[in-house]
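If you want the building blocks of each chain, they are given just below.
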Amino acid sequence: MRFVFKTSYAQDLGLFRDSVQRNWYVALLAGLLVLPNLVPEYLVDISLVFIYGLCGLSVMVLAGYTGLISLGHAAFLGIGAYAHVYFIHDLGLPWAVSVALAAATAAAAGVLVGLPALRMTGVYLAIATLAFALIIQEVFTRWDHVTGGLKGRPVDKAVIFGVSFAGDVAFYLLCLGFLAGGLWLTANLLRSPTGRAWVAIRDSEIAAQSMGVNLGAYKTLAFAYSAGLMGVAGALFAHKIGFLAPDIFSVLFSIQFLLMVVVGGLGSLHGAVFGAAFVAMLPVLISQARDSVPAWVGAMAAVFGSSASESALLATGRFVKQPGLEPGLFGLILVLFILFEPLGIFGRWMKIKLYFSMFPLYKRATFRRQKAYMRSERLR
Amino acid sequence: MGCIYGLVALGFVLIYKATELVNFAQGDLLMLGAFTCYMLVVWYGVGYWLAFVLAVAAVAVFGAVLDATVLRRVIGQPQFALVMLTIGLAAMFRAFASITWGSEIYTLPTPFSAKATRIGGVAVSHEYVSIIVGTVLLCGALYAFFTFTRVGVAMQAASQNQLAAYYMGIPVKRMFSLVWAISAGVAAIAGVLLAPVSLIDINLGFIGLKAFSAAVLGGFGSIPGALVGGVTIGLIELFSGVYLPQGFKDVAAYVVLLLVLAVRPQGMFGTVGRKKV
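The rules behind these values
Residues numbered from 1 in each chain as written. Chains lettered and ligands numbered in written order. Predicted model: local features only at pLDDT ≥ 70, side-chain atom pairs only at ≥ 80, totals over all residues. Helix = DSSP H or I, 4+ residues; strand = E, 2+ residues; numbered from the N terminus. Buried ≥ 20, exposed ≤ 12 C-beta atoms within 10 Å, placed from the backbone. Contact = placed C-beta atoms within 7 Å. Axes fitted to C-alpha atoms, helices over the stretch in contact; angles between N-to-C directions. Parallel < 35°, antiparallel > 145°, perpendicular 65-115°, else oblique. Left-handed = near helix turned anticlockwise from the far one by under 90°. pLDDT = per-residue confidence, 0-100. Expected span 1.5 Å × (residues − 1). Domains from an automatic or database assignment. Nonpolar A, V, L, I, M, F, W, Y, C, P; charged D, E, K, R; others polar.

Participant: When you look at the overall build of chain B in this model, what are you seeing that I'm missing?
Facilitator: What chain B contains, in helices and strands, is eleven helices and two strands. The buried share of chain B, reckoned over its 277 residues, is 51%. Taking the contacts inside chain B whose residues are at least 6 apart along the sequence as the reference set, 74% of them involve residues at least 24 apart.

This is the structure in C-alpha cells:
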C-alpha cells in the first residue's frame, strides 16, 4: 500500500493527490485525443457520452453532492437547447455568446425552481421538479414561434469564430473540451467553501445550518449551477441531434439522468462520467446484440436439429426486436445496481482497488452502511 | 376522473405511511391490473365480477411477492435508493406489458357500459357512478381497517418506528408485505374501474404521475388528503379544459401543484416533520 506524505500546503491545495495521479489523468486525456484515429466508427456515440457526462455532472452536483432529488432535469436541458437555437438562428448571435446566454437562461430557470424548492424536501421536491418539467414540456409544444412546436426545429452544425465544427472529429473534440472544462470547474467548486457547504447540507441540513451555512442561498446556488451546466449540455445536445422536438425532453429522459448518477455512483465526479458512458453506450450495445443474439441462439439450438434452430432463431429475433425492451433493460439494470451495488460503478472500482492495495487484509465491512429504521432518522 | 386520481393516490399514501417508501411503480401496477382484467374477460371469457376479483387478487399477490423478494432488501437504506428502485421496477413492468400485450389499445366491456341514469337532469353514465361508488366504499373500508383492526394499528406502529414495533412483537416484515399487497390491490381496483372510461394501453401507467401530484397536493401521508387532492386535480383539469384556452388542460394541475407547494411545502393536509438532533 502506498501512502502520500504531504510536506507542504501547496501539496494539500493541489487538484491531484500526487504526481502519479496527475500523470494518469494526463495519459487519459492524451488517450482521448488520439481516440478518433482508433475507433472512427464510434465517434458520434462517444461525443454523446461526453454530452451526457456534462448532464451527469449537473445531476451529480444536485443529487449526489447537495442531496436534492430532481425529476425534471430534462427541462433544463431543453431550455438550454431551445435557447441556444433561438439565440443563434433567430437573433444571429455568435456561438460562444449564445452558449453563455443559453447557460444563463437555464440557470435562471434553475433559480426559479430552486426558490420555492428551498422549503421542500425529499418527495415534495421531486414532484415539484417533475411538475415543472411537465409544464416546460407543454411550453415547448405551445410556444410555436420560438420552439417550432410539434413540428420541431432543425439545428445547424456548430460554427465557432468562423471555424466549422461539422465534422465528427471536430465535434468530438468540442464536446471533450466542454466536458473537461466542466469537470475542472466542478472539481474546483466542490473543494471550495461552496462545495463543502453543499456536502454539509446533503449530510445534515440542521447541522449545516447550525454551522452557519445559509441553506437558502446554497440550495439555490446548487440549483442554478446544476441548471447552468445542463444548459451548456443542452446547447451541445442540440447540435448533436440536429433536430429539436418537445417530446425528446420527457420525464423518461430526466429519469435516465438519475439512472446515470445512480449507476455511476452517487457522490463522485467519476461516477457521473462512468454513468454517462454506461447510459450512452448501452443502446449501442443493445442494437448490436439485436443483430447477433438471434444468430447465437440459433447456432446453439442447431445442436437439436435444424427445425429447432429455425424456430429459436425466429422466437429470439421477435423477442429482441420488441420496442419496449430497452427501457425495461434500463429498469432491470437500475434495480440490480441498487440491490447489489448501491455505490455504483465507481464504488465497485474503489472496492477492487482497495482489495488489491490491502491484499490479504481486505474486509467487506469497510463499505457496510448504517441502516436507519426510525422515521425521525430518515427525515431530512 | 378525480376519484381515480384519489384512488391511485390512496395507494401511494398507504405505502408511504406504512413503509416510508414512495412507490413510483403505482401507476404501472394499475396498468397491470387493468390488463389482467382485460385478459381474463376477453381472452378467457370469465365473467366481469369474477375477473375483477381475480385481477385484484393477482396484482395484490404480485405486490406482496415483490416486497418479499426485492423491496425487503433495501429497508433501512436512504430514501433516494428506494425511489430509484421503484422507478426501475416501473420501467420493467412497462416493458413486460408491452412485450406481453403489445402496444395496441384495448377496451374493456363491462356490465354497466353505455348505460346512464338521469340524476337531477344530468345524465351520468354508469361507468362514472361505478368509479365514485367504488372509491367511497374502498375508502371507508381502508379507514376502518387502519383504525379499528389490530393489524391496521400494527401497521401504523411499524411505520412510525420499525425497530420499536419489532421489539413489541409485530412481525414488521409480514406487515410490509401486507401493505404492499393492499396498495397493489387498490391500484388494481383503480385500474379495473378506470379501464372502461379510458382505454387500456401501456401508457395507462402515466396516470400514476397525476395521482402522485394528487397525493403530494393533499400532503403525503394523509389519507383524506389523498382523496381531496385527487378530486381537486380532477376538477382543475375539468374546468381548465372548459374555461381556459387549449393546452392548459394538461398543465393546469401541475401549475396549481407548484403554487400550493410554494405556499405550503407539506401539502394541504401534511404534517411538518422536523428532525430533532
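Participant: I keep staring at the overall build of chain A and nothing clicks. Help me out?
Facilitator: Helix and strand counts for chain A stand at 17 helices and four strands. Scored against the burial criterion, the 380 residues of chain A give a buried share of 41%. Considering only residue pairs separated by 6 or more positions, chain A has 74% of its internal contacts joining residues 24 or more positions apart.

Participant: Help me out: how do you make sense of the packing of helix H3 (residues 43-65) of chain A against helix H11 (residues 215-241) of chain A in this one?
Facilitator: When two helices pack together, their arrangement is given by the angle between their axes and by how far apart the axes lie. All names here are of chain A. Packing of H3 against H11 brings their axes to within 8 Å, and their N-to-C directions diverge by 165°. Relative to H11, H3 is oriented roughly antiparallel. Crossing of H3 against H11: the hand is left-handed. Between H3 and H11, the contacting residues are Ser-47, Leu-48, Ile-51, Leu-54, Cys-55, Leu-57, Ser-58, Val-61 and Leu-62 on the first element and Ala-222, Phe-223, Tyr-225, Ser-226, Leu-229, Met-230, Val-232, Ala-233, Leu-236, Phe-237 and Lys-240 on the second.

Participant: Is there a simple way to think about the confidence of the model for chain A in this case?
Facilitator: All names here are of chain A. On average, residues of chain A carry a pLDDT of 81, and 88% of them reach 70 or more. The secondary structure element of chain A with the lowest average pLDDT is helix H17 (residues 375-378), at 46, and the one with the highest is H11, at 90. Throughout residues 375-380 the model reports pLDDT below 50, and contacts reaching past four residues in sequence, or to other chains, amount to 15 contacts.

Participant: Mind showing me how you'd approach the confidence of the model for chain B here?
Facilitator: Atom-level detail of predicted coordinates should not be read off regions where pLDDT is low. All names here are of chain B. A residue-level look at chain B finds 76% of positions with pLDDT of 70 or above and a mean pLDDT of 74. Of all secondary-structure elements in chain B, the lowest mean pLDDT belongs to strand E1 (residues 116-119), at 58, while helix H3 (residues 48-69) reaches the highest, 82. As scored by the predictor, the complex reaches a pTM of 0.82 and an ipTM of 0.76.

Participant: Looking at this structure, how should I read the environment of Asp-67 of chain B?
Facilitator: Residues and elements named next belong to chain B. Residue position: Asp-67 is located in helix H3. Here Asp-67 falls in the buried class, since 24 other C-beta atoms lie within 10 Å of it. Through-space distance from the C-alpha of Asp-67 to that of Ser-177 is 5.5 Å; in sequence the pair is 110 residues apart. If we ignore the near neighbours within four places in the chain, the residues touching Asp-67 are Arg-72, Phe-176, Ser-177 and Trp-180.

Participant: Can you help me understand helix H12 (residues 251-264) of chain A in this one?
Facilitator: Two residues of an α-helix separated by three or four positions point the same way, owing to the 3.6 residues in each turn. Residue and element names in this part refer to chain A. Compared with the 20 Å implied by 1.5 Å per residue over 14 residues, the 20 Å span of H12 between its first and last C-alpha is a close match. Across the 14 residues of H12, eleven count as buried, placing the element largely inside the fold. Among all positions of H12, only Ser-254, Ile-255, Gln-256, Phe-257, Leu-258, Leu-259, Met-260, Val-261, Val-262, Val-263 and Gly-264 are buried. Where H12 terminates, the next one or two residues include Gly-265, which has phi positive at roughly 125°.

Participant: In this structure, what is going on with the domain arrangement of chain A? I would like to understand it.
Facilitator: The figure often quoted for interface size is the accessible area lost as the parts come together. All names here are of chain A. Taken domain by domain, chain A holds domain 1 (38-283) and domain 2 (284-367). In this structure, domain 1 and domain 2 have C-alpha centres spaced 29 Å apart. At the interface, 16 residues of domain 1 touch 15 residues of domain 2. Only H12 and helix H13 (269-301) provide two or more residues apiece to the side of domain 1 that touches domain 2. Here the side of domain 1 that touches domain 2 gets eight residues from one element, more than from any other, and that element is H13. Per-class residue counts for the side of domain 1 that touches domain 2 are nine nonpolar, six polar and one charged.

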